[in-house]
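Observations on the three-dimensional arrangement
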Amino acid sequence: MSYGLSAAAFGGAFSTATRPAWRSAVPARCSLAAADSVSAAAPILRDLQMKCATPLPVLRHVADALAADMRAGLAADGGGELKMILTYVDSLPTGNEAGLFYGLDLGGTNFRVLRVHLGGKEKRLLDTEFEQVSIPQELMCGTTEELFDFIASGLAKFVQKEKDKFGPPKGREREIGFTFSFPVKQTSIDSGILIKWTKGFAVSGTVRRDVVACLNEALKRQGLDMRVSALVNDTVSTLAGARYWDDNVMVAVILGTGTNACYIESVDAIPKLQGSTYQSGKTIINTEWGAFSNGLPLTEYDRAMDCESINPGEQIFEKTISGMYLGEIVRRVLQKMAEVSTMFGDSFPQKLSVPFVLRTPDLCKMQQDDTKDLNEVEFILSDALGVKSSCLGSRRIVTDVCDTIVKRGGRLAGAGIVGILQKLEQDFKGSIFGRRTVVAMDGGLYEHYPQYRSHLKEAVTELLGEEVSKNVIIEHTKDGSGIGAALLAAANSKYST
Ligand code: ADP
Ligand code: MG
């Protein structure tokens, strides 16, 4: 079960190994024997390309099915694959927020703490400061108290460094917007029960508990004068952060270790709300779209990876499109190729059978390789997978495999975005496609992988057509999440009148 953890733990950083100087000097032509060995892998590549293909009808089916599933999840809890979780957000940032607020983001490989000083409509952000701490792997499968004590002590250190001028006004506690990017059944804006851990976390004793209570207790144990005023998902805080600057933001999507999306919904369009009062008439729905699976083009490699994962049968969309898994899918394809061919030399590279040794940033580096002999690909094959020799033909096959898996992921993510937009457009014609609509994007995969981004955008344009897609702006909002959480803490401050 632990292989999911290693991927998450390794996810963010590149290998620091240095390239041996002799490598780039090695001639990289395929001998006749080598050409033979590569040709045995070629049918596997062709089969993969066929099964991962995402032509327009497949994209359309995914977008339609996702929109239908959204409706089912809005009608009743458990109505469809998408949980369509209520966030209890009743007021979006306006720009008028003022004062000192904190954001805490726990979402995967790292947690981040951020302090913002909001100056109101004119001055906006007077000051922001943040720190990032990586989560030790053992804490990702330890106890609830260990994890939350670690986070609280990180917060304590951050606060200790503050100069006096940053303290809260006398008699007030510091207020935190807590971004917690795992499926939570929210019970109010500042409480929510963990449904399950995802993304390789398997901390004991947290499921079915209020994660805000867990954090507040740990803060108390640290003797900190801090409390959580808003509990949000990273998609929700990203949306809030982006909306602070731009009223046309309607959807936020995270593509990092995992994936998720949220959007602004009319209260009238949520049958399962049943009588709850929302003053603004609008709220944010957290789709938990990672759970979607209807009609996805999957392969034997996806199925095997899913079977061996800590959550078989779950999070299939996430396992097809998000950063934690793309490298692992490619590794599985290369493993199969190495079993039937000698494309990586006469002996099978043992590292190639270790789950999650090939990481999504490795795919990205290989796809950026523009050297004639694909020297970077050669280096990564050697460094990450222990491949002692590879000819140019083998390396080309490797980059084709990367492209196939990354293209499928990016295009399906694009189809998911269109699914959300078309659901909104169907409810109020012209409300989305007839005006400027912004989709706020964040996450390491989207930010750092240019090919993935292009495939995503291309799929959106193919589905919507040139004209309509001019109105749909897909925009990276860097670090919107931390500020968004702090803004939601401000909007839900227990001191505000
Ligand atoms: P998290 O999702 O854990 O909160 P991030 O949003 O920073 O964190 O995303 C980290 C993920 O982004 C990594 O797990 C990895 O899959 C992906 N990623 C990071 N850097 C790159 C890169 N250079 N190329 C491709 N993917 C990357
Ligand atoms: Mg994140």
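Residues numbered from 1 in each chain as written. Chains lettered and ligands numbered in written order. Predicted model: local features only at pLDDT ≥ 70, side-chain atom pairs only at ≥ 80, totals over all residues. Heavy atoms only, no water.

**Here's the deal with the site of ligand 1**
The condition that has to hold: Near residues are defined by distance, with any heavy atom within 4 Å of the molecule or strand qualifying the residue. Here a polar contact means two N or O atoms within 3.5 Å. Within protein one must be a hydrogen donor candidate and the other an acceptor candidate, and residues neighboring in sequence count only if both atoms are side-chain atoms. Using a 1.4 Å probe, the Shrake-Rupley method yields the accessible areas, and only the shown protein chains count as cover for residues. Classes in brief: Ala, Val, Leu, Ile, Met, Phe, Trp, Tyr, Cys and Pro nonpolar; Asp, Glu, Lys and Arg charged; the others, Gly included, polar.
Around ligand 1, a shell composed of 18 residues is seen, among which Thr109, Thr257, Gly323, Gly444 and Leu445 lie nearest. Gly323 places a main-chain nitrogen or oxygen 3.1 Å from an oxygen atom of ligand 1. A distance of 3.2 Å separates an oxygen atom of ligand 1 from a polar atom in the backbone of Leu445. For ligand 1, whose accessible area on its own is 560 Å², the fraction buried by protein is 89%. Taken together, the residues of the shell around ligand 1 sort by class into 6 nonpolar, 11 polar and 1 charged.

**What to know about the state of the cysteines**
Test applied: Throughout, disulfides are identified as pairs of cysteine sulfur atoms within 2.5 Å of each other.
What the rule picks out here adds up to 0 disulfides. With no disulfide of its own, Cys214 has Cys141 as its nearest cysteine by sulfur position, at a separation of 17 Å. For Cys364, which is in no disulfide, the shortest distance to another cysteine sulfur is to Cys402 and amounts to 9.9 Å.

**Describing unusual backbone geometry**
Operational definition: Only DSSP runs of H or I covering at least 4 residues are called helices, and only runs of E covering at least 2 are called strands; the numbering of each starts at the N terminus. Each residue's exposure class comes from its accessible area (1.4 Å probe, protein chains only) as a fraction of the maximum for that residue type: buried when under 20%, exposed when over 50%, partly exposed otherwise.
A positive phi is found at Glu288, a non-glycine position, where the angle reads about 50 degrees. Position of Glu288 among the secondary structure elements: in the loop between strand E11 (282–286) and helix H8 (300–307). According to the relative accessible area criterion, Glu288 is buried, its value standing at 7%. In this structure, Phe356 takes a positive phi of about 65 degrees despite not being glycine. Residue position: Phe356 is located in the loop between helix H10 (323–340) and helix H11 (360–368).

**Brief notes about the UniProt feature "domain: Hexokinase C-terminal" (unreviewed entry) in the chain**
Stated precisely, the cut-off is as follows: UniProt positions are given in the numbering used here, feature names are shortened, and annotations may be inferred rather than shown by experiment.
According to UniProt, the "domain: Hexokinase C-terminal" (unreviewed entry) feature falls on residues 251–490. The distance from the first to the last C-alpha atom of residues 251–490 is 21 Å, and the span holds 51% helix and 12% strand.

**Describing the sheet that holds strand E13 (residues 472–476)**
Sheet strands pair via backbone hydrogen bonds, and the direction of the pair is either parallel or antiparallel. Spelled out, the test is: Between any two strands, at least two bridges found by DSSP are needed for them to pair. Any two residues whose heavy atoms approach within 4.5 Å at even a single point are treated as in contact. Only the stretch in contact is used when fitting a helix axis, every axis being a line fitted to C-alpha atoms; angles between N-to-C directions are given from 0 to 180 degrees.
With mixed pairing, 6 strands are arranged side by side in an open sheet as E1-E11-E10-E9-E12-E13. Edge positions in the sheet fall to strand E1 (85–86) and E13, since each of these pairs with one other strand and no more. Here 2 bridges tie E1 to E11, and the two strands are oriented antiparallel to one another. Counterpart to Leu86 in the pairing with E11 is Ile285. On top of the sheet, helix H7 (residues 234–243) reaches strand E9 (249–255), strand E10 (259–266), E11 and strand E12 (437–442); it is set at about 135 degrees to E9, its chief contact.

**Quick look at the side chain of Thr437**
Here Thr437 shows up in strand E12. At 2.7 Å, the side chain of Thr437 forms a polar contact with the backbone oxygen of Ile432. Excluding its chain neighbours within four sequence positions, the residues that come into contact with Thr437 are Asn248, Met250, Leu421, Ser431, Ile432, Asn471, Val472 and Ile473.

**Thoughts on the packing of aromatic side chains**
Rules: Two aromatic rings from Phe, Tyr or Trp, using only the six-membered ring of Trp, form a pair when their centres are within 6.5 Å; if the ring planes differ by under 30 degrees the pair is stacked, by over 60 it is edge-to-face, and anything between is tilted.
Enumeration over the complete set of coordinates arrives at 11 aromatic pairs. With a centroid separation of 4.9 Å and 75 degrees between ring planes, the pair formed by Tyr244 and Trp245 is classed as edge-to-face. Since its relative accessible area comes to 54%, Trp245 is described here as exposed. Look at Phe292 and Phe317: their rings are 5.7 Å apart centre to centre, the planes differ by 85 degrees, and that puts the pair in the edge-to-face class. Linking Phe292 in the loop between E11 and H8 with Phe317 in helix H9 (residues 316–321), this pair joins segments that are 25 residues apart in sequence. In this structure, Phe292 and Phe317 share a single accessibility class: buried. One aromatic cluster in this structure is built from Phe178, Phe180, Phe182, Trp197 and Phe201.

**Digging into the nonpolar core**
Rule in force here: Each nonpolar core is a collection of buried residues, namely Ala, Val, Leu, Ile, Met, Phe, Trp, Tyr and Cys, held together in the definition by side-chain atoms within 4.5 Å.
Counting 109 residues, the largest nonpolar core has Leu255, Trp289, Leu334, Met337, Tyr452 and Leu456 as the members making the most contacts within it. Residue contacts for Leu334: discarding those within four places in its chain leaves Phe344, Leu352, Leu358, Leu385, Val398 and Val401. Grouped together as the second largest cluster of nonpolar side chains are 36 residues, Phe148, Val184, Phe201 and Val203 included.

**Examining the packing of H7 against helix H17 (residues 480–491)**
Threshold: Here roughly perpendicular refers to angles of 65 to 115 degrees, roughly parallel to angles under 35, roughly antiparallel to angles over 145, and oblique to all remaining angles.
Viewed as axis vectors pointing N to C, H7 and H17 meet at an angle of 85 degrees, and their least axial separation amounts to 7 Å. With respect to each other, H7 and H17 are oriented roughly perpendicular. Note on element contacts: H17 touches H7 through Gly480, Ser481, Gly484, Ala485, Leu487 and Leu488, opposite Asp234, Val236, Ser237, Thr238, Ala240 and Gly241. Across the contact of H7 with H17, the residue classes break down as 5 nonpolar, 6 polar and 1 charged.

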